[in-house]
Amino acid sequence: MKVNMSIMSHHKGWRKIIPFPAEPKCPIGKEDTVISEEEAAQYDRQIRLWGLDAQKRLRGSRVLLAGLGGLGAEVAKNLILAGVKGLTLLDHEQVTEESCRAQFLVPVTSQGQNRARASLERAQNLNPMVEVHADADKIEDKPDEFFLQFDAVCLTGCSRDLMVRVDQLCSQRNIKVFCGDVYGYYGYMFCNLGKEHNYVEEKPKLVKPSADSSDGPEAKKAKVDPNETTMVKKTSSFCSLKEALEVDWTSEKAKAALKKTPVDYFLLHVLLKFRTDKGRDPDPQAFPEDSKLLKQIRDDVLETLSLRGDLLSDDFISFCFSEMSPVCAVVGGVLGQEIVKALSQRDAPHRNFFFFDGRKGNGVVDFFGPN
């Protein structure tokens with residue numbers, strides 16, 4: 001399913017509902033979390049928005065966030081303000097002049113320091129009720145057991161091989177996995193919530209007519225009551241990142257869907273291959289060299305996928321360097337929102353990719369992988 005949306009579409013539907021309808025129980029092992037009076041006051045708006053049970057699940061969840069660039073800072077801010085139980089900031093990189101431009105959690109005086117540790121104070125000040133920790137280790141050096149202590153793992157700025165490894169590991173233990181990156185004007189997010197993700201969705205309540213209605217056939221039809229809503233239980237399934245990135249484009253079904261496939265998906269392949277080959281993202285300081293390499297990688301990727309060479313034009317090359325703060329804000333908002341929705345089991349998740357194009361000012365949700 002593909003859904004086109006403008007930047008502002010994610011703000012629709014944020015409304016205050018009093019009284020909030022009773023929410024069906026969706027066991028996640030977090031309902032026993034106690035919400036104190038202080039927390040109830042702090043999260044009053046959120047509790048009214050998505051319910052007490054959803055907030056309890058959120059307050060009982062621990063999240064790992066890898067990569068404290070501009071996108072990571074946005075995600076961290078959104079999760080801390082939402083009120084998770086704990087957030088671990090994992091990053092071995094140092095603060096540079098470049099990273100300060102899109103990363104608002106690090107002071108400008110912290111250049112040369114570790115990015116996770118430099119981000120800790122401002123991150124913690126956003127919400128003292130959340131346990132925020134900084135880890136300066138390299139994520140590649142972390143053993144498998146490290147990732148299993150979290151309820152959700154969010155990876156930014158990581159290599160394809162690492163994301164595939166962590167995704168496969170976590171999905172076996174029902175740990176939710178999110179990946180995301182921003183490349184200039186472009187950004188994406190991916191999520192794997194497991195083979196069976198249960199959630200509830202708020203729907204307008206249908207009111208049945210009274211049995212003694214005698215106003216004709218129209219009066220006997222169920223009608224929507226705009227003043228009442230009901231909670232509906234739903235289930236969604238996801239595939240692994242490896243499966244999502246290894247679509248067979250030679251199959252007849254894939255060929256038929258190619259015209260409706262966003263080119264952002266193939267652009268992601270190119271940029272992940274660049275990161276694998278160079279160990280970094282396209283650098284504005286090396287624009288001439290990196291531009292040539294991007295063209296070559298684009299040609300190689302499309303050939304490997306058995307796709308025509310003109311599917312992805314040269315236009316993208318000038319717009320995929322560095323992290324753009326506005327793009328980080330949009331993608332970080334969507335990524336943070338999806339993590340909150342998944343942990344609270346409230347509302348339909350994006351399945352399974354979200355792509356944002358800052359040049360056009362819009363985004364698209366699309367599913368890739370086996371049905």
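This text goes with the structure placed above it.
Now for a look at the structure at hand. Computed from a predicted structure; not experimentally measured.

**Quick look at the overall build of the chain**
Helix and strand counts for the chain stand at 13 helices and eleven strands. Long-range contacts, defined here as pairs at least 24 residues apart, represent 69% of the contacts in the chain between residues at least 6 apart. A total accessible area of about 18200 Å² is found for the chain, and carbon and sulfur atoms account for 50% of it.

**Topic: the packing of helix α3 (residues 52–59) against helix α13 (residues 325–344)**
Interaxial distance between α3 and α13 falls to 8 Å at its minimum, and their mutual angle equals 105 degrees. Regarding the angle of α3 to α13, the classification is roughly perpendicular. Together, Ala-54, Arg-57 and Leu-58 of α3 and Val-340, Leu-343 and Ser-344 of α13 make up the contact between the two elements. Along the lines of polarity and charge, the residues of the contact of α3 with α13 split into four nonpolar, one polar and one charged.

**Brief notes about helix α11 (residues 264–278)**
Here α11 spans 21 Å end to end across 15 residues, near enough to the 21 Å set by a 1.5 Å rise per residue. Of the positions making up α11, those classed as buried are Asp-264, Tyr-265, Phe-266, Leu-267, Leu-268, His-269, Val-270, Leu-271, Leu-272, Phe-274 and Arg-275. On the buried face of α11, the contacting elements are α8 (160–171), β6 (176–183), β7 (186–192), α9 (241–245), α12 (287–304) and β10 (353–357). Residue Gly-279 follows α11 closely and has a positive phi angle near 75 degrees.

**Describing the packing of aromatic side chains**
For any pair of aromatic rings, the description consists of the separation of the ring centres together with the inter-plane angle of the planes. Counted according to the given criterion, the structure contains 15 aromatic pairs. Arranged with centres 4.9 Å apart and planes meeting at 50 degrees, the rings of Phe-287 and Phe-321 form a pair that is tilted. In this pair, Phe-287 sits in helix α12 while Phe-321 sits in the loop between α12 and α13, placing the two residues 34 residues apart along the sequence. With relative accessibility at 10%, the residue Phe-321 sits in the buried group. By the ring-pair criterion, three or more aromatic residues cluster together here, those being Tyr-188, Phe-190, Trp-249, Tyr-265, Phe-266, Phe-353, Phe-355 and Phe-368. One Lys or Arg, Lys-142, reaches over the ring of Phe-146 and ends 4.3 Å from the middle of that ring. Over the ring of Phe-319 we find Arg-359, and its NZ or CZ is 4.0 Å from the ring centre.

**A look at the nonpolar core**
Counting 55 residues, the largest nonpolar core has Leu-155, Trp-249, Phe-266, Leu-294, Phe-316 and Phe-353 as the members making the most contacts within it. Here the element with the most residues in this core is α11; it accounts for eight residues. Apart from residues no more than four positions distant in its own chain, Trp-249 is found in contact with Ala-254, Lys-255, Leu-258, Thr-261, Tyr-265, Phe-266, Leu-305, Leu-307 and Phe-368. Core analysis: the next-biggest nonpolar cluster, separate from the first, contains 47 residues, Ala-73, Ala-82, Ala-342 and Phe-356 among them.

Parameters at a glance
- Residues numbered from 1 in each chain as written.
- Predicted model: local features only at pLDDT ≥ 70, side-chain atom pairs only at ≥ 80, totals over all residues.
- Heavy atoms only, no water.
- Helix = DSSP H or I, 4+ residues; strand = E, 2+ residues; numbered from the N terminus.
- Contact = heavy atoms within 4.5 Å.
- Areas by Shrake-Rupley, 256 points an atom, 1.4 Å probe, with all protein chains shown as cover.
- Axes fitted to C-alpha atoms, helices over the stretch in contact; angles between N-to-C directions.
- Parallel < 35°, antiparallel > 145°, perpendicular 65-115°, else oblique.
- Nonpolar A, V, L, I, M, F, W, Y, C, P; charged D, E, K, R; others polar.
- Expected span 1.5 Å × (residues − 1).
- Buried < 20%, exposed > 50% of the residue type's maximum accessible area, 1.4 Å probe, protein only.
- Phe/Tyr/Trp six-rings, centres within 6.5 Å; stacked < 30°, edge-to-face > 60°.
- Lys NZ or Arg CZ within 6 Å of the ring centre and 35° of its normal.
- Core = buried A, V, L, I, M, F, W, Y, C linked by side-chain atoms within 4.5 Å.

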